[in-house]
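Survey of secondary and tertiary structure
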Amino acid sequence: MTENAETGSTTGSLPVFPLDRRKCPLSVPQEYEAMRADEPVAEVVNRMTGKQAWALTRYADVRQVLGDPSMSSNARNPGYPHQFQVPEEMLPYIAFPFAAMDPPEHTVRRRMVIPEFTAKRIADLKPRTQAIVDARIDAMLAKGGPVDLVAELAVPVPSLQFCELLGADTEHISYFRNYAETTTGRDSSMEAVAGAIAEMDEFLDELITEKTRNPGEDLLSRIAAKLPEEPTLGHDDLVAIARLLVIAGSDTTANVISLGTAVFLEHPEQLDEVRRDPSLLPGAIEELLRFLSILDSATVRVATKDIELSGGETVREGEGVLALNGAANWDPARYPDPHRFDIHRDAEGHMAFSYGNHMCPGANLARMQLEVVFGTLFTRIPGLRLAAPADELPYMFDAHAYGLHELPVTW
């Protein structure tokens, strides 16, 4: 890779990443198809940092990189392709989330949260999820259309449940949402992100301190109770774990609900099939996750040794990689006619939740919430329709977690 030693920016004309979806909002960036055909391992430059990395668009390569322990997630490693401009002298002092760590540090922290997302725990949460969804749809029906589905349903459902899981007051929903939007916004300055993190850490520090003193029946209380069993972890590590959960719990599922509703309404024949046969819904949700791939460019790695990819290309030690799960999920070698939303497709193996030992620990919670939301929404409001053309909706082109700012619907 060629890099300007003075500015850190790349020389020559290279694609600038991350790409957005303006050309076709309900698809991954259209440039991926040409990249996969012409240069599946392409040199690109990050528009926020000026740093260069390899962008991978083949399913086989993305899966290989995410499953290879020599491809590091450690954000302090030289060559790590940060999404924001991070001064090197600050790296030792930044409390990165465990998603940006390697074993054994990652393993210890992941072990703290995995028991919170077992099949039994998710099953126990389902009745409460159903009650939240029913209450929100009651409110929508009482208000009458048109309404903003993002504000009325997509954000409140996972956010309310997330607050209850943490043992936090529901009055903090907007606080969590604002934090997630700031820290995942592509146009957020490093100063804004650092300020949001510091403010959230202060809040979580107080909350975890209270849970340690007066534990309840919530996730943070249970994690705090485990701290004495993990001598390598301290209070600040619990704060960093909770901070990662804030984004996962208050942002990504909300975005899949809003975008997924738009996709279903744009495919009425398939939606009618799901209404007639609810057994199709789990498979339809897997296809939806593949199709949308809302965290497309969020998965990054750096090579700790030379690695040869499926096509024979070599990523050298110290070089950064963007493992584009959206490009992988739209690779026709793995999913024929990937641009077609098809609820009958076998979408098994999609990487919407990443892959390998960094796969999202809350994936099954998200799946359960999506099943309850879509199963209830389209049953209780069978005449639901978009109140604006799909190509005119306010999409989050400026966010790492793709979604909608608003979704006007009526019935």
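Residues numbered from 1 in each chain as written. Predicted model: local features only at pLDDT ≥ 70, side-chain atom pairs only at ≥ 80, totals over all residues. Heavy atoms only, no water.

Looking at an unreviewed UniProt entry, one finds the protein chain named Cytochrome P450, with Streptomyces luteolifulvus as its source organism.

**Re the layout of surface pockets**
Take a probe with the size of a water molecule and roll it over the atoms, and the empty space left behind shows itself. Put simply, the second largest pocket is a space of about 490 Å³. If you go around the second largest pocket, you meet 21 residues; those closest to its centre are K51, P78, G79, Y80 and E88. (1 Å grid on protein atoms, 1.4 Å probe; cavity = no way out; pocket = protein on both sides within 12 Å on 5 of 7 lines; lining within 4 Å. Points joined across faces, edges and corners; volume = space filled by probe spheres on them.)

**Considering the side chain of S72**
Among the secondary structure elements, S72 is positioned in strand 4 (residues 71-72). By relative accessible area, which is 1% here, S72 ends up buried. Of the polar contacts made by the side chain of S72, one reaches the side chain of D102; its length is 2.4 Å. (Helix = DSSP H or I, 4+ residues; strand = E, 2+ residues; numbered from the N terminus. Buried < 20%, exposed > 50% of the residue type's maximum accessible area, 1.4 Å probe, protein only. Polar contact = N/O pair within 3.5 Å; in protein donor to acceptor, adjacent residues only side chain to side chain.)

**Describing helix 4 (residues 119-143)**
Structurally, the α-helix is built with 3.6 residues per turn, so residues lying three or four positions apart point the same way. If you check helix 4, its first and last C-alpha atoms are 36 Å apart, about what 25 residues at 1.5 Å a residue would give, namely 36 Å. For helix 4, every residue scored as buried is listed here: I122, L125, T129, I132, V133, I137 and M140. Residues of helix 4 that are buried make contact with strand 5 (147-148), helix 5 (149-154), helix 6 (156-166) and helix 14 (363-380). In the segment just after helix 4, G144 is the residue with positive phi, at about 85°. (Expected span 1.5 Å × (residues − 1). Contact = heavy atoms within 4.5 Å.)

**Some words on the packing of helix 6 against helix 10 (residues 235-266)**
Packing of helix 6 against helix 10 brings their axes to within 8 Å, and their N-to-C directions diverge by 160°. Relative to helix 10, the element helix 6 is oriented roughly antiparallel. For the pair helix 6 and helix 10, the crossing hand works out as right-handed. Residue-level contacts link P158, S159 and F162 of helix 6 to L245, V246, G249, S250, T253, A254 and I257 of helix 10. (Axes fitted to C-alpha atoms, helices over the stretch in contact; angles between N-to-C directions. Parallel < 35°, antiparallel > 145°, perpendicular 65-115°, else oblique. Left-handed = near helix turned anticlockwise from the far one by under 90°.)

**Here we look at the nonpolar core**
Membership of the largest hydrophobic core comes to 110 residues, with the highest contact counts inside it found for F17, F176, F374, L377, Y395 and L407. The greatest single-element share of this core, amounting to 14 residues, is contributed by helix 10. Formed by 17 residues, the second largest nonpolar core is a distinct cluster that contains L56, L309, V321 and M351. (Core = buried A, V, L, I, M, F, W, Y, C linked by side-chain atoms within 4.5 Å.)

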